[in-house]
Amino acid sequence: MLKDLFGKQKYVTVKRTKEKTKNKDEDNSLWTKCRDCEEIIFNKKLIENLMVCPKCGYHFRLTAWDRLHITVDEDSFKEFGKNIKSRDILDFPGYQEKYEEARVKTGLQEAIICGEAAICGYPVVIAIMDFNFLGGSMGLAVGEKITLAMEKAINTGKPLIIFCTAGGARMQEGMVSLMQMAKTSAAIKRLNKAGVLFITVMTDPTSGGVTASFASLADIIISEPGALIAFAGPRVIKQTINASLPEGFQRAEFLLEHGMIDMVVERKNLKDKLSIILKVHAAGVSNDA
Amino acid sequence: MMPNNILEFEKPLIELQEKIKELQQFMQEKDLDIGDEIMRLKNRAHKLEQEIYNSIKPWQILQIARHQERPNTGDYINLIFDDYIELHGDRLYGDDQALIGGIGLIEGKPVTIIGNQKGKSTRENLQRNFGMAHPEGYRKALRLMKQAEKFNRPVVSLVNTPGAYPGIEAEERGQAVAIAENLLEMSDLAVPIIVIIIGEGGSGGAIGIGLGDKVMMMEYSYYSVSTPEACAAILWKDSSKAPEAAEAMSITAPDLLKLGIVDKIIKEPRGGAHKNHGKAASMLKKEILHSINELSSLHREELLQRRYDKYRKIGSFTDKFNNAQSS
């Protein structure tokens, strides 16, 4: 079933290979080299396997739309806020060009899509970030859309699920980006008071201001195997302490071990796991509310 | 003799001022009449001073903000608050020397004070981790803020950090979640929160104690999404372009006032607070008192609604500028 949904998204592999023109091996629409074990995988096989390496289990990054398609029920998605765009608030050198480039490359308006949908029949508000759009960075539009998603969840009472991926705050929007951390966190306080379930799925990579705000404030935090989850990125830390980092540092399993997340779930089980959480949650929500 | 810690761009001025001092001494010793010459030089120094500080660049402001002799949180606490008692520990892991806090009086009114603490010497900086807190620092700050809420005391937060510490233990103990939880709780803390960026406002490490009802910046402080050095390295692969990045990022008090990120600029003595700690502290004290009086008159609900709206509106105006409408 998932395979069928995925089949619709023909551009999955095309996009992936386009990004990787640096590597000749991958510049081929028939097969892809695993970034981890370097196994050559037929793209058809890779797509069937939800973009997870069949040999080593490496979870490739997904575009927001691909993530949506493998997560929500068919035809259940109703997008909102899709025309909200950032703007070059600081007149930052090169930002407009990069922004346009990202829009053309990804077909997205911003680094996130938001909407209402259903997962195994359970209604949710869902927001999905996309790393291909300027590193998933949070500027004013991402912050605004996340806050809108929270407000939608508060108003409808539907659980909120956010798939996170980000390099951090969007540098080109300066302090306006940093303030989105405060804005989204304040909205979560209201979400909590309204008793709305909030789940984040931290996908590879989630770091910086996103990890240090809404992504870490969920009732339940899930991650995919091997996802990098950090406040400061490994390169920054390495530079600061001038020493090598321990094996597996800042990977999902490491965070689980240190009590920072609730579970690490393989992609193929993620939808089921979400639906069980939603089921348990729904059983506690009175029908006459 | 030239004083220590001169910033490059102030050198011509300091040199001239030293020259004037020398001449004055010389005139006294030798009983010479060179008063006219000294007056001329003084005028020139005055003009030069105006030229330098009236056209000061963001990168130069950043240097003043990082100045070794700039008053730190501890200095301001001593100069502004009476009967200050430092409180320690997060009750979870440890006591972070890079982020301090306690209780004290300002004009007889009790307040809770928190702030990043940098050292004055290399030795103290090692102890204070150069003002870069670990999660336990943020958690101590939250504990003290919750205590302030319990006793209905305003919180004064003095921000002065290059950033939250990027290290292995900090990550292991949840740097991200510590900052996130502070944002969550500060957004709804039922007492006034007054934030002043006194020196460096470094990214997540700053906002981790920087959400408040009134956010002010000292004249020669900066507040930034990342250090200009990091920004230049990431975007332009060249950290030596940091001065350009500082320019592009809008990190100074006037820029951020214009953007609506901060509410007020607190004047400093000419050239920076390090030139006159006492005067800088009295200017800061006046603004803290004013803010406490202003905010204390608000009812709890009004205070919290205003605080929410203050942050909610940052970035909620997207459609105005790019003809897009939220659907």
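Since we're looking at a predicted model, the values are computed, not measured.

**Some words on the sheet that holds strand β4 (residues 112-119) of chain A**
Residue and element names in this part refer to chain A.
And step 1. Sheet architecture is open: 7 strands sit in the order β3-β4-β5-β6-β7-β8-β9, paired in mixed fashion. Here the strands that pair on one side only, and so sit at the sheet edges, are β3 (78-80) and β9 (263-264).
And step 2. Here strand β7 (residues 198-206) pairs with strand β8 (residues 220-223) via 4 bridges, running parallel. Bridging from a neighbouring strand, Met 202 pairs with Ser 223 of β8.

**Comments concerning the environment of Thr184(A)**
Residues and elements named next belong to chain A.
And step 1. Mapped onto the secondary structure, Thr 184 falls in helix α7 (residues 174-193).
And step 2. Distance from Thr 184 to Ala 149, taken between C-alpha atoms, is 10.0 Å for residues 35 residues apart in sequence.
And step 3. Look past the residues within four positions of Thr 184 in its chain and what remains in contact with it is Gly 143, Ile 146, Thr 147, Met 150, Ser 213 and Phe 214.
And step 4. Engagement of the side chain of Thr 184 in a polar contact is seen with the backbone oxygen of Gln 180, the distance being 2.8 Å.

**Topic: unusual backbone geometry**
Residues and elements named next belong to chain A.
And step 1. Cis geometry marks the peptide bond from Asp 204 to Pro 205; its omega dihedral reads -15°.
And step 2. Relative to the helices and strands, Pro 205 is located in strand β7.
And step 3. Phi is positive for Cys 120, which is not a glycine, with a value near 50°.
And step 4. As for its position among the elements, Cys 120 is in the loop between β4 and β5 (122-129).
And step 5. One non-glycine residue with positive phi stands out, namely Asn 242, at about 55°.
And step 6. For Asn 242, a relative accessible area of 69% translates into the label exposed.

**What to know about the interface of chain B and chain A**
The figure often quoted for interface size is the accessible area lost as the parts come together.
And step 1. The interface of chain B with chain A comprises 53 residues on the first partner and 59 residues on the second.
And step 2. The junction of chain B with chain A conceals about 4800 Å² of combined surface from both sides, 70% of it contributed by carbon and sulfur atoms.
And step 3. Area buried by chain B at its contact with chain A is led by Glu171(B), Val225(B) and Tyr308(B), which between them contribute 14% of it.
And step 4. For the pair chain B and chain A, the number of links is 4 salt bridges.
And step 5. The salt bridge involving Glu185(B) is made with Lys189(A); its shortest N-O contact spans 3.0 Å.
And step 6. Seen at the junction of chain B and chain A, the total is 11 residue pairs in polar contact (both at pLDDT 80 or more).
And step 7. At the level of secondary structure, the elements contributing two or more residues to the side of chain B that touches chain A comprise α7 (168-172), α8 (175-186), α9 (203-207), β7 (222-224), α10 (228-236), α14 (300-312) and α15 (319-322) of chain B.
And step 8. Among the elements that line the side of chain B that touches chain A, the one with the most residues is α8(B), at 9 residues.
And step 9. Among the residues making up the side of chain B that touches chain A, the classes are represented as 29 nonpolar, 17 polar and 7 charged.

**A few points about α8(B)**
And step 1. Counted at 1.5 Å a residue, the expected span for α8(B) with its 12 residues is 16 Å, and the 17 Å between its end C-alpha atoms agrees.
And step 2. By the criterion of burial, α8(B) is predominantly enclosed, with 11 of the 12 residues buried.
And step 3. The secondary structure elements touched by the buried residues of α8(B) are α7 of chain A together with α6 (135-150), α7, β5 (193-202), α9 and α14 of chain B.

**Section: the pattern of salt bridges**
Side-chain pairs of opposite charge can arise whenever the charged atoms involved come near each other.
And step 1. Taken as a whole and judged by the stated rule, the model has 40 salt bridges over all chains.
And step 2. We note a salt bridge from Glu48(A) to Lys44(A), for which the minimum N-O separation is 3.5 Å. Residue Glu48(A) and its partner Lys44(A) are located together in helix α3 (residues 43-48), separated by 4 residues, close to a single helical turn.
And step 3. For Lys44(A), a relative accessible area of 64% puts it in the exposed group.
And step 4. Between Lys271(A) and Asp73(A) there is a salt bridge, with the nearest N and O atoms lying 3.2 Å from each other. Here Asp73(A) lies in the loop between α4 (64-71) and β3 and Lys271(A) lies in helix α10 (residues 267-284), a separation of 198 residues in the sequence.
And step 5. Connected via shared salt-bridge partners are Glu144(A), Glu151(A), Lys183(A) and Arg312(B).

Rules used in this analysis
- Residues numbered from 1 in each chain as written.
- Chains lettered and ligands numbered in written order.
- Predicted model: local features only at pLDDT ≥ 70, side-chain atom pairs only at ≥ 80, totals over all residues.
- Heavy atoms only, no water.
- Pairing = 2+ DSSP bridges.
- Helix = DSSP H or I, 4+ residues; strand = E, 2+ residues; numbered from the N terminus.
- Contact = heavy atoms within 4.5 Å.
- Polar contact = N/O pair within 3.5 Å; in protein donor to acceptor, adjacent residues only side chain to side chain.
- Buried < 20%, exposed > 50% of the residue type's maximum accessible area, 1.4 Å probe, protein only.
- Buried area = accessible area lost by both parts, 1.4 Å probe.
- Salt bridge = Lys/Arg side-chain N within 4 Å of Asp/Glu carboxyl O.
- Nonpolar A, V, L, I, M, F, W, Y, C, P; charged D, E, K, R; others polar.
- Expected span 1.5 Å × (residues − 1).

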